[in-house]
Number of protein chains: 2
Amino acid sequence: MASKPRKKQRRKGRPANASTPQREAIRAAMEAANSPLTPKEILEHAQEHVEGLGLATVYRTLNLLAQAGVVQTVEIPGGAPRFELAGKGHHHHFYCRGCERVFELEGCPGNFAELSPKGFNLEGHELVLFGTCDACGRR
Amino acid sequence: MASKPRKKQRRKGRPANASTPQREAIRAAMEAANSPLTPKEILEHAQEHVEGLGLATVYRTLNLLAQAGVVQTVEIPGGAPRFELAGKGHHHHFYCRGCERVFELEGCPGNFAELSPKGFNLEGHELVLFGTCDACGRR
DNA sequence: GTCGGTGCAAACCTTTTGCAATCTA
DNA sequence: TAGATTGCAAAAGGTTTGCACCGAC
């Protein structure tokens, strides 16, 4: 180790976390949808605005936004991982086994503290409901 | 046409879903653990009883047992898929962010029907609590 | 000119599948 | 012997990473 680590001299080029057409398109795709989307779905929607957009950029951007707390991951047991914009307040999801779509739910029964064993520190929870949506139930 | 069997037509070879050392070891590994295990963990534990056991066999057996309702999948957001023996009654899980272990919880607040939108048919739910376990909380 | 962002392709990881060998009823 | 199970390796999906090029400050 001949040289000592330099301090971050980062103001030369473009600032980090810049707004780019790709990132705008990815965020727009998620805003347009009112339910969590898979990376593939995000790619397809965003490609309508930015041609040549690659899946790697979608993943990189999603990870970036997730780290910044702008997007949240939504994992449905038995389903593909999805992403949605954060900042909508605490809510949960309903997964329709018929059309495999995910719906956002309002409200939360909360109060799961009593389920935690003694000495455990409860920091959060995840709740997913399963069944059939209105349309699939009528079939 | 060949003669028709009068009793249960047991085929010539080994009956399907037979008990084998591999399957016994896999089931034993899950019984020994009091928390859901990942396929890799199951493989490592089962290999102590059956040398040369392959990961493919673990997956095949798990899928077989899952289809038969003997094991259940437990998916933790942000964690690897895990498997546990079924037949323990309805319960949920606590995921410790410190040691990344999964603990089984007793009881269930139930009654999530009111969260479902009108016309939706609720068939089931999945609940996961996050936080730190007793040991990790003392650190 | 620098440095971050992007696209492409290769690498990685997890899970599934094809196939020959093995084993049991 | 027939058919089921297994182990290995290859395949298949999904996600991440390396690298050269491009564009914004």
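For the structure itself, look to the data block above.
Notes on the structure in this doc start here. (Residues numbered from 1 in each chain as written. Chains lettered and ligands numbered in written order. Predicted model: local features only at pLDDT ≥ 70, side-chain atom pairs only at ≥ 80, totals over all residues. Heavy atoms only, no water.)

What follows is about helix 2 (residues 39-47) of chain A. An α-helix turns once per 3.6 residues; consequently, residues spaced three or four apart project the same way. Residue and element names in this part refer to chain A. For helix 2, the set of buried residues is Pro39, Ile42, Leu43 and Ala46. Along the axis of helix 2, the buried residues cluster in a sector spanning 100 degrees; they form a single face. Buried residues belonging to helix 2 abut helix 1 (21-32), helix 3 (55-67) and strand 2 (82-85). (Buried < 20%, exposed > 50% of the residue type's maximum accessible area, 1.4 Å probe, protein only. Helix = DSSP H or I, 4+ residues; strand = E, 2+ residues; numbered from the N terminus. Arc of directions from axis to C-beta. Contact = heavy atoms within 4.5 Å.)

Taken as rigid bodies, chain A and chain B are interconverted by a rotation of 179 degrees and an axial shift of 0.0 Å, the fit giving an RMSD of 0.2 Å. The superposition operator between the copies reduces to a two-fold rotation axis. When C-alpha distances to the rotation axis are compared across chain A, the minimum falls at leucine 127 of chain A, with a value of 2.3 Å. By residue overlap, the copies meet face to face through one surface: 100% of the interface positions of chain A are interface positions in chain B. (Least-squares fit on C-alpha atoms with pLDDT ≥ 70 in both.)

As a further point, take the interface of chain A and chain B. With 33 residues of chain A at the contact, the number on the chain B side is 33 residues. For the pair chain A and chain B, the two sides together bury roughly 2,700 Å², of which 65% comes from carbon and sulfur. Looking only at chain A, the three residues that lose the most surface to chain B are Leu115, Phe120 and Glu126 of chain A, adding up to 21% of its buried area. Across the pair arginine 97 of chain A and glutamate 123 of chain B runs a salt bridge whose closest N-O atoms are separated by 2.7 Å. Joining chain A to chain B, the criterion identifies twelve residue pairs in polar contact (both at pLDDT 80 or more). (Buried area = accessible area lost by both parts, 1.4 Å probe. Salt bridge = Lys/Arg side-chain N within 4 Å of Asp/Glu carboxyl O. Polar contact = N/O pair within 3.5 Å; in protein donor to acceptor, adjacent residues only side chain to side chain.)

Moving on to the pairing of strand 3 (residues 92-96) of chain A. Residues and elements named next belong to chain A. With five of five residues buried, strand 3 lies mostly within the body of the structure. Side chains of strand 3 alternate between two faces, with His92, Phe94 and Cys96 and His93 and Tyr95 buried alike. Pairing of strand 3 with strand 4 (residues 102-105), which is carried by four bridges, proceeds in the antiparallel orientation. Note on strand 4: the bridge partner recorded for histidine 92 is leucine 105. Note: strand 3 against strand 5 (residues 121-132), four bridges, orientation parallel. Within the sheet, the bridge partner assigned to phenylalanine 94 lies in strand 5 and is leucine 129. (Pairing = 2+ DSSP bridges.)

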